[in-house]
Structure formats: structure tokens, C-alpha cells
Amino acid sequence: MPEPEPQPYDPVGPGENEAVAPTGQGGAMDLALDEAESLEKPLDPDPSAPRERARSLWSDAWHQLRRNPVFVISSLFILFLVVISLWPQLIASGDPLHCELSKSQQGSSPGHPFGYDTQGCDVYTRTVYGARASITVGICATLGAALLGSALGGLAGFFGGWGDSLLSRVADIFFGIPVILGGLVFLSVVTGTTVWPVVGFIVLLGWPQLARIARGSVITAKQNDYVQAARALGAGNARILLRHVGPNAVAPVIVVATIALGTYIALEATLSFLGVGLRPPTVSWGIDISNAASQIRNAPHMLLWPALALSLTVLAFIMLGDAVRDALDPKLR
């Protein structure tokens with residue numbers, strides 16, 4: 001019987017496609033098998049455990065805002081104002097236009113904690129119903145100015161050229177118009193008993209600021225690498241602007257618009273105080289403050305409560321804007 005030929009010695013060991021069988025007796029072969037199995041195992045000891053996903057800018061901002069007491073307090077107060085502006089009868093059962101001259105300038109009494117004004121109207125009821133006009137003007141004017149300013153400023157910053165230069169010069173003209181003087185002229189010509197003339201005037205003078213913010217943000221965002229990569233892959237201008245540039249450039253506009261909302265409410269009260277803003281029979285804090293200014297010595301309660309409501313409302317929106325700015329700006333974290 002011929003003897004079997006000796007196999008050549010292979011110092012490397014089994015090939016990549018060969019399996020190593022355990023001997024059950026320890027030794028070098030079992031140790032090599034254990035090392036191979038340990039290398040094949042994932043680094044995560046528990047593959048079934050949920051992994052934390054990377055947060056985006058908006059989720060990270062919301063994560064921070066929820067833990068900011070300034071944001072929570074201002075948001076709750078603004079939510080309360082929105083609710084009573086929609087349904088003022090929840091906390092005020094009277095009629096703001098019902099007046100009794102026999103109770104003119106009387107102080108606090110049961111059922112009427114804020115007293116009466118010069119015409120004998122309940123100050124508490126008028127203060128509650130006055131939130132509707134102020135909140136309506138503030139929200140509508142902010143939305144109008146933000147949409148118009150973002151659209152014009154975003155397009156000018158994205159395409160550039162003569163349109164960008166024209167928008168900049170037109171914005172400079174509007175910036176040169178004094179707000180109070182412009183309101184006196186504009187609202188003296190365009191009169192009405194509703195809030196829309198005041199909203200239109202605020203949008204007319206408010207959009208240049210937001211347009212300039214949107215323009216600068218779009219110019220910064222369109223220079224990023226992901227925008228250049230999308231353009232290299234064949235994406236059109238509309239897709240790049242709506243899917244890549246717009247979502248990454250809208251944060252500064254939101255911050256400025258939130259702070260400006262409180263400013264617009266104060267502007268409406270100022271114009272109503274001067275007699276060119278909202279007019280009776282509309283119930284407004286500015287109108288009540290104007291009527292109470294001449295009687296501040298005899299009946300200070302007529303001025304105190306609407307002025308306090310106006311101040312707290314403006315302060316709440318400014319605090320909300322500051323909290324949103326801190327959350328959306330990575331440099332302030």
C-alpha cells in the first residue's frame with residue numbers, strides 16, 4: 001500500500017473560506033476561534049437597545065426651549081391672551097359697550113374690580129375685550145410682514161443681480177420714513193372702523209426689516225456645500241430654494257418676527273392713542289388709555305389696568321422672542 005503523501009506545511013492556517021472546528025480541549029485552535037467570534041460581534045453589547053438619533057436644529061431648539069422657564073411663562077401668558085381674545089366671555093360676562101353715566105369714574109366695587117371709566121363703562125370688561133384687537137393686529141401684521149419680507153428678501157438674496165439692488169434701495173426708502181409720522185399721514189387718509197387699515201400700514205412699513213434679514217440669511221445659506229452638491233446633481237433653482245436654502249435660512253426671520261410682534265402691538269396702541277389707529281366702537285387698550293390720560297389725577301384706575309395689560313403683553317412677546325433667539329442661535333449656547 002502506498003504511503004500517503006505528506007501535506008505541505010501552511011504557516012497561515014486555514015483559508016478565508018475554511019471553517020475552524022473547535023476541539024473542545026482548549027488550546028491554540030479554540031483560542032483562535034474565540035478571537036474570531038469576538039471580532040465578528042458588534043461593538044454595541046445590546047443590539048436591540050434603542051439608539052439615540054441625531055437631533056436637527058429644530059428638535060434641538062425645542063429640547064432647549066422646553067427647559068427654559070422664560071419661554072414657558074411667556075408662552076402660557078400668550079396662550080391665555082389668545083384664548084380670551086377668542087372667547088372673552090369666559091372671564092368677562094358683561095358688555096364692553098354698556099355704560100352707565102351715573103357710575104362715571106367710580107372705583108372698585110363688587111363684580112367690577114377695576115372700577116368704571118368716564119362714560120361709566122366697566123374697565124375690567126373693556127380691558128378683557130381689548131385684548132382681541134391688539135392680538136389680532138399683532139398676529140396679522142406680523143404674518144403679513146414676515147411673508148412679504150421673506151418672499152422678496154429671499155428671492156433677492158438667492159438670485160442677486162439688479163433685483164437685489166432694487167430691493168435694497170426700496171427698503172432704504174422705507175427705512176427713512178418715520179413710523180409715527182407715516183402712521184399719522186397714512187391712517188388720516190385711509191380711515192375705517194376695523195383693524196385692517198392699521199394692519200396694512202404696519203405691513204407696509206414692517207416688511208423691509210424682515211426682507212433684509214431674509215436676504216442676508218439666504219445669501220449665507222446658499223454658499224454651503226450641500227447647496228453646491230444639490231446644484232451639481234442637477235437640482236433646479238426652485239427645488240434648491242424650497243428644499244435646501246429656505247428651511248436653513250428661516251430661523252433668523254422667525255426670531256425677528258416674534259420680537260417684532262410685541263412692537264407692532266405697542267405701535268397699534270400708540271396710533272390709537274393719537275386718534276388715527278383703531279376708533280370707536282372698537283374696544284382697544286390704546287383707545288382706553290387715550291380716554292383716561294386726561295383723568296389720571298381724578299381716576300388713575302382708568303389708566304392703570306389697560307396700560308398694565310398692554311405692558312405685560314408686549315413684554316411677553318419680547319421675552320418669547322429672546323428665548324427663541326437663544327435656542328436657534330448655536331453661538332449663544
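Rules used in this analysis
Residues numbered from 1 in each chain as written. Predicted model: local features only at pLDDT ≥ 70, side-chain atom pairs only at ≥ 80, totals over all residues. Heavy atoms only, no water. 1 Å grid on protein atoms, 1.4 Å probe; cavity = no way out; pocket = protein on both sides within 12 Å on 5 of 7 lines; lining within 4 Å. Points joined across faces, edges and corners; volume = space filled by probe spheres on them. Phe/Tyr/Trp six-rings, centres within 6.5 Å; stacked < 30°, edge-to-face > 60°. Disulfide = S-S within 2.5 Å. Helix = DSSP H or I, 4+ residues; strand = E, 2+ residues; numbered from the N terminus. Buried < 20%, exposed > 50% of the residue type's maximum accessible area, 1.4 Å probe, protein only. Axes fitted to C-alpha atoms, helices over the stretch in contact; angles between N-to-C directions. Parallel < 35°, antiparallel > 145°, perpendicular 65-115°, else oblique. Contact = heavy atoms within 4.5 Å. Nonpolar A, V, L, I, M, F, W, Y, C, P; charged D, E, K, R; others polar. Polar contact = N/O pair within 3.5 Å; in protein donor to acceptor, adjacent residues only side chain to side chain. Left-handed = near helix turned anticlockwise from the far one by under 90°. Core = buried A, V, L, I, M, F, W, Y, C linked by side-chain atoms within 4.5 Å. Salt bridge = Lys/Arg side-chain N within 4 Å of Asp/Glu carboxyl O.

K.L.:
Can you lay out empty space enclosed by the protein for me, pointing to particular residues and giving the numbers?
P.N.:
In total, this model carries one cavity of 30 Å³ or more according to the counting rule given. Approximately 30 Å³ is the volume found for the largest cavity. Taken together, L187, V190, T191, G192, T194, P197, V198, V276, G277 and R279 form the lining of the largest cavity.

K.L.:
If you had to explain the packing of aromatic side chains to someone new, which residues and values would you point to?
P.N.:
Taken as a whole and judged by the stated rule, the model has six aromatic pairs. Judged by centre distance (6.2 Å) and plane angle (85°), the rings of W62 and F71 are edge-to-face. Through pairs of rings, three or more aromatic residues link up here, namely F114, Y124 and W305.

K.L.:
Explain the state of the cysteines to me, using residue names and the numbers behind them.
P.N.:
A full pass over the atoms with the stated rule returns one disulfide. Disulfide pairing places C99 opposite C121 at an S-S distance of 1.6 Å. Between C99 and C121 the disulfide shows an S-S torsion of about 60°. By sign, it is right-handed. With a gap of 22 residues between them, C99 in the loop between α3 (69–86) and α4 (123–159) and C121 in the loop between α3 and α4 connect regions that are remote in the sequence. Judged by its relative accessible area of 33%, C99 is partly exposed.

K.L.:
Just give me the short version of the packing of helix α10 (residues 251–273) against helix α12 (residues 301–328), but keep the residues and values in it.
P.N.:
Where α10 contacts α12, the axes come no closer than 8 Å and their chain directions differ by 170°. As summarised for this structure, α10 and α12 are arranged roughly antiparallel, according to the angle between their axes. Contacts between α10 and α12 involve A251, I254, V255, T258, I259, L261, G262, I265, A266 and A269 from the first element and L310, T313, V314, F317, I318, L320, G321, D322, V324, R325 and L328 from the second. Partitioned by chemical class, the residues of the contact of α10 with α12 number 15 nonpolar, four polar and two charged.

K.L.:
Describe the side chain of D288, listing the residues and the values that go with them.
P.N.:
Of note, D288 is situated in helix α11 (residues 285–293). Take D288: its relative accessible area is 10%, and that puts it in the buried class. Separated by 2.9 Å, the side chains of D288 and R126 make a polar contact. Each residue touching D288, except ones within four places of it in the same chain, is listed here: R126 and P306.

K.L.:
Hey, could you go over the side chain of T142 for me, with residue numbers and the actual values?
P.N.:
Looking at the element boundaries, T142 is found in helix α4. Separated by 2.6 Å, the side chain of T142 and the backbone oxygen of G138 make a polar contact. If near-sequence neighbours (up to four positions away) are discounted, T142 is found in contact with A257, L261 and Y264.

K.L.:
Provide a residue-level description of the packing of helix α7 (residues 196–221) against α10, including the pertinent values.
P.N.:
Close contact between α7 and α10 brings their axes to 11 Å; oriented N to C, the two are set at 155°. In terms of orientation, α7 and α10 fall into the roughly antiparallel class. Considering how the two elements wind past one another, α7 and α10 form a crossing that is right-handed. Within the contact between the two elements, α7 uses V198, F201, I202, G206, Q209, L210, I213, A214 and S217 and α10 uses P252, V253, V256, A257, Y264, L267, E268 and L271. Broken down by class, the residue content of the contact of α7 with α10 amounts to 13 nonpolar, three polar and one charged.

K.L.:
Which residues make up the nonpolar core, and what values go with them?
P.N.:
Within the largest apolar cluster, 29 residues are counted, with the highest numbers of intra-cluster contacts made by F71, I265, L310, F317, V324 and L328. Put simply, the parts of the chain that give this core at least two residues each are α2 (57–65), α3, α4, α10, α11 and α12. Top contributing element to this core by residue count: α12, with twelve residues. In this view, F71 contacts W62, L65, L320, A323 and V324; residues no more than four positions away in its chain are not counted.

K.L.:
For the pattern of salt bridges, give the residues involved together with the corresponding values.
P.N.:
All chains considered together, the criterion is met by seven salt bridges. With a closest N to O distance of 2.5 Å, D164 and R215 form a salt bridge. Pair noted here: D164 is in helix α5 (residues 161–175) and R215 is in helix α7, with a separation of 51 residues, a long-range link. One salt bridge connects D172 with R169, and the closest N-O pair in it is separated by 3.0 Å. Of this pair, D172 and R169 both sit in helix α5, separated by three residues, roughly a single helical turn.

Fair warning: the whole summary comes from geometry, so function is off the table for now.
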